[in-house]
Amino acid sequence: MFDFTYQAFDARIVFGSGKISEIATEVDRLGGKAALLVSTGSQRAVADAALVALGKNCVARIDGAVMHVPCADVQKAVALTQQYKCDCVVAIGGGSAVGVAKGVALETELPIIAVPSTYAGSEMTDIWGISKGDGKITGRDKRVVPKCVIYDPDLTRGLPARIAGPSGINAMAHSVEALYAQNRNPVLSMIAEGGIRALASGLPAVCDGTADDEARGQAVYGAFMCGLALATATMGIHHKLCHVIGGTFQLPHAETHTILLPHATHYNRDAAPDAMTAIARALDAESAAGGIFDLATRIGAPTVLRDLGLDEKNLDRAADIATEAPYYNPQTVDREGVRALLDNAFHGRRPA
Ligand code: NAD
């Protein structure tokens, strides 16, 4: 018999091509009469149209949300909500725009309506992060979970392959680790496997420029599922490594995830056989780790850690830090194994 706990968040999901046109209705549904609009630079035109659609119900605007959610940007946004007596925040863009909205919600408890334009998945989670000085503070808080998410695959039309590929594999990483999470359960596993399958089906066409509405929709649907998996699953060795290496050596977020994921998956191959079967099945591949590596190669995403500019002599330090306070992981985390994993990722060897 099944025996598990699955906790979901209370969020309304509106999915489909052209659904950005429902932004005003969704703000209205939440009782919003004075929105702060936050957007990423690349989504300025979409934000302009949203501003028109919202009319007098949008009273303040911030353009150009940037990576890592600087504290100063959050404070500026909070000040605007106070000055204009805002009653909700609309975020249009990737993880950076949603990140600013989450920072505002953390301080003001204003509800968020998110319209994602990448596959990052932040819009589905209670995880927030704000950069201060040279560090990033992160946490979990239900107040930052968007009350409504509009997934409109049309927003990803202009997503270049160099962003779409790593962003998609980064999303997949959430589902891979959900499948062997300490708190895994049948609902989470179904969501995670579905997310990997949908991303694997949509990403190749998105990245080679031949995507139709179906492929774009599959990729966004996969990102939604993977975000949903991240929302409730505990994360393991892969996320630990990405945080350590990305944070300590200032490497790009999605690219680091993309390169390490096949190797972290391979590391867990014997300790999480059911997860490996599900991942391979979703990818229609012979092996989970090999399948992820091959997908990354096929869509032109990075597979070699050295290419991110990391010095090989830093691998020892990375292995030390990653094994100091490990997260739960199905395979015991030992320094020698992690050092070997990093060596394979550094040289971009296909896991066999
Ligand atoms: P991002 O929002 O910075 O977007 C990356 C780049 O893509 C930016 O230059 C942006 O302008 C551009 N872009 C966005 N949408 C585009 C589009 N449709 N077409 C063309 N260009 C577009 O970052 P991201 O990759 O969306 O997200 C990564 C960030 O999100 C990281 O900082 C990560 O820590 C965070 N994140 C947070 C969570 C969470 O739960 N809190 C989950 C996943 C990621």
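What you see is a predicted model; the values in this text were computed from it and never measured.

**Q** Which parts of the structure should I look at to understand the overall build of the chain?
**A** Within the chain, the secondary structure is distributed over 13 helices and eight strands. At 20 Å, the chain has a C-alpha radius of gyration in line with the 20 Å of a compact globule built from 352 residues. Considering only contacts within the chain whose residues lie at least 6 apart along the sequence, 76% involve residues at least 24 apart. Accessible surface, the chain: about 14800 Å² in total, of which carbon and sulfur atoms supply 51%.

**Q** Any chance you could explain the site of the ligand here in plain terms?
**A** Not every one of the 22 residues close to the ligand is listed here, only the nearest: Gly95, Ser96, Ser117, Thr118 and Thr125. The contact in question runs from an oxygen atom of the ligand to an N or O atom on the backbone of Gly95, over 2.7 Å. Interatomic distance of 3.5 Å between a side-chain N/O atom of Lys102 and a nitrogen atom of the ligand. In the complex, the protein chains occlude 81% of the 850 Å² of accessible area that the ligand would expose alone. No other element matches helix H4 (residues 95–108), which puts three residues into the shell around the ligand.

**Q** Just checking my understanding: could you explain the packing of helix H5 (residues 161–179) against helix H8 (residues 237–249) for this structure?
**A** Where H5 meets H8, the closest approach of the two axes is 9 Å, and the angle between their N-to-C directions is 140°. It follows from the interaxial angle that H5 and H8 lie oblique. In this structure, H5 contributes Ala173, His174 and Glu177 to the contact, and H8 contributes Ile237, His238 and His239. Considered class by class, the residues forming the contact of H5 with H8 number two nonpolar, three polar and one charged.

**Q** Hey, could you run me through the sheet that holds strand E8 (residues 148–151) in this one?
**A** Strand pairing in a sheet takes place through backbone hydrogen bonds and is either antiparallel or parallel in direction. Spatial ordering of the open sheet is given by E1-E8-E5-E4-E2-E3, a layout of six strands whose pairing is parallel. The outermost strands of the open sheet, each flanked by one partner alone, are strand E1 (12–15) and strand E3 (58–62). Strand-to-strand twist of the sheet, defined as the mean angle between neighbouring strand axes without regard to direction, takes the value 15°. Sheet analysis places strand E2 (residues 35–39) next to strand E4 (residues 88–93), joined by five bridges and oriented parallel. The partner of Val38 across the bridge, within E4, is Ala91. Packing of H4 onto the sheet brings it into contact with E2, E4 and strand E5 (112–116), and relative to E4 it is tilted by some 165°.

**Q** Please explain the environment of Gly93 as it appears in this structure.
**A** When you line up the elements, Gly93 lands in strand E4. Sequence separation between Gly93 and Ala285 is 192 residues, and the spatial gap between their C-alpha atoms is 32 Å.

**Q** How do you make sense of unusual backbone geometry when you look at a structure like this?
**A** Peptide bonds are trans in most cases, and residues, glycine excluded, mostly fall at negative phi. With a phi close to 70°, His68 is a non-glycine residue in the positive phi region. Its place among the elements puts His68 in the loop between E3 and helix H3 (71–83). For Asp284, which is not glycine, the phi torsion reads 55° and is therefore positive. Tracing the backbone through its elements, the reader meets Asp284 in the loop between helix H10 (273–283) and helix H11 (288–298). With a relative accessible area of 74%, Asp284 lands in the exposed category.

**Q** Sorry if this is basic, but what is going on with the packing of aromatic side chains here?
**A** Where two aromatic rings form a pair, the distance of their centres and the angle of their planes describe that pair. Counted by the stated rule, this structure contains five aromatic pairs. Measuring from centroid to centroid gives 6.0 Å for Phe15 and Tyr221, while their planes differ by 80°, and the two rings are edge-to-face. Of this pair, Phe15 sits in strand E1 while Tyr221 sits in helix H7 (residues 213–232), placing them 206 residues apart in sequence. A relative accessible area of 30% places Phe15 in the partly exposed class. For the pair Tyr221 and Phe224, a centre-to-centre distance of 6.0 Å together with 70° between the ring planes defines the contact as edge-to-face. Taken together, the positions of Tyr221 and Phe224, both in helix H7 and three residues apart, correspond to about one turn of that helix. The class for Tyr221 is partly exposed, based on a relative accessible area of 35%. A network of ring pairs unites the aromatic residues Phe15, Tyr151, Tyr221 and Phe224 as a single cluster.

**Q** What am I meant to see in H3 here?
**A** An α-helix turns once per 3.6 residues; consequently, residues spaced three or four apart project the same way. Taking 1.5 Å per residue, 13 residues should reach 18 Å; H3 reaches 18 Å between its end C-alpha atoms and fits that length. Buried residues of H3: Cys71, Val74, Ala77, Val78, Leu80 and Thr81, and no others. If you follow the buried residues of H3, they end up packed against E2, E3, H4 and strand E6 (127–132). Positive phi appears at Lys85, one or two residues downstream of H3, with a value of about 50°.

**Q** Can you help me understand the pairing of E8 in this one?
**A** If a strand is regular, its side chains alternate between the two faces of the sheet. Alternating positions in E8 separate into two faces, Cys148 and Ile150 on one and Val149 and Tyr151 on the other, with burial throughout. With four bridges connecting them, E1 and E8 associate as parallel partners. Residue pairing across strands places Arg12 opposite Cys148, the latter belonging to E8. Pairing of E5 with E8, which is carried by two bridges, proceeds in the parallel orientation.

**Q** Can you walk me through the nonpolar core in this structure?
**A** Inside soluble globular proteins, nonpolar side chains tend to come together where they are buried. Counting 72 residues, the largest nonpolar core has Tyr119, Ile245 and Leu342 as the members making the most contacts within it. In contact with Ile245, other than residues within four places in its own chain, are Gln250, Leu251, Thr256, Leu260, Leu310, Ala318 and Leu342. Counting residues in hydrophobic clusters, the runner-up holds 27 residues, among them Val89, Val100, Ala101 and Trp128.

Conventions we followed
- Residues numbered from 1 in each chain as written.
- Predicted model: local features only at pLDDT ≥ 70, side-chain atom pairs only at ≥ 80, totals over all residues.
- Heavy atoms only, no water.
- Helix = DSSP H or I, 4+ residues; strand = E, 2+ residues; numbered from the N terminus.
- Rg over C-alpha atoms; globule rule 2.2 N^0.38 Å.
- Contact = heavy atoms within 4.5 Å.
- Areas by Shrake-Rupley, 256 points an atom, 1.4 Å probe, with all protein chains shown as cover.
- Near = heavy atom within 4 Å.
- Polar contact = N/O pair within 3.5 Å; in protein donor to acceptor, adjacent residues only side chain to side chain.
- Axes fitted to C-alpha atoms, helices over the stretch in contact; angles between N-to-C directions.
- Parallel < 35°, antiparallel > 145°, perpendicular 65-115°, else oblique.
- Nonpolar A, V, L, I, M, F, W, Y, C, P; charged D, E, K, R; others polar.
- Pairing = 2+ DSSP bridges.
- Buried < 20%, exposed > 50% of the residue type's maximum accessible area, 1.4 Å probe, protein only.
- Phe/Tyr/Trp six-rings, centres within 6.5 Å; stacked < 30°, edge-to-face > 60°.
- Expected span 1.5 Å × (residues − 1).
- Core = buried A, V, L, I, M, F, W, Y, C linked by side-chain atoms within 4.5 Å.

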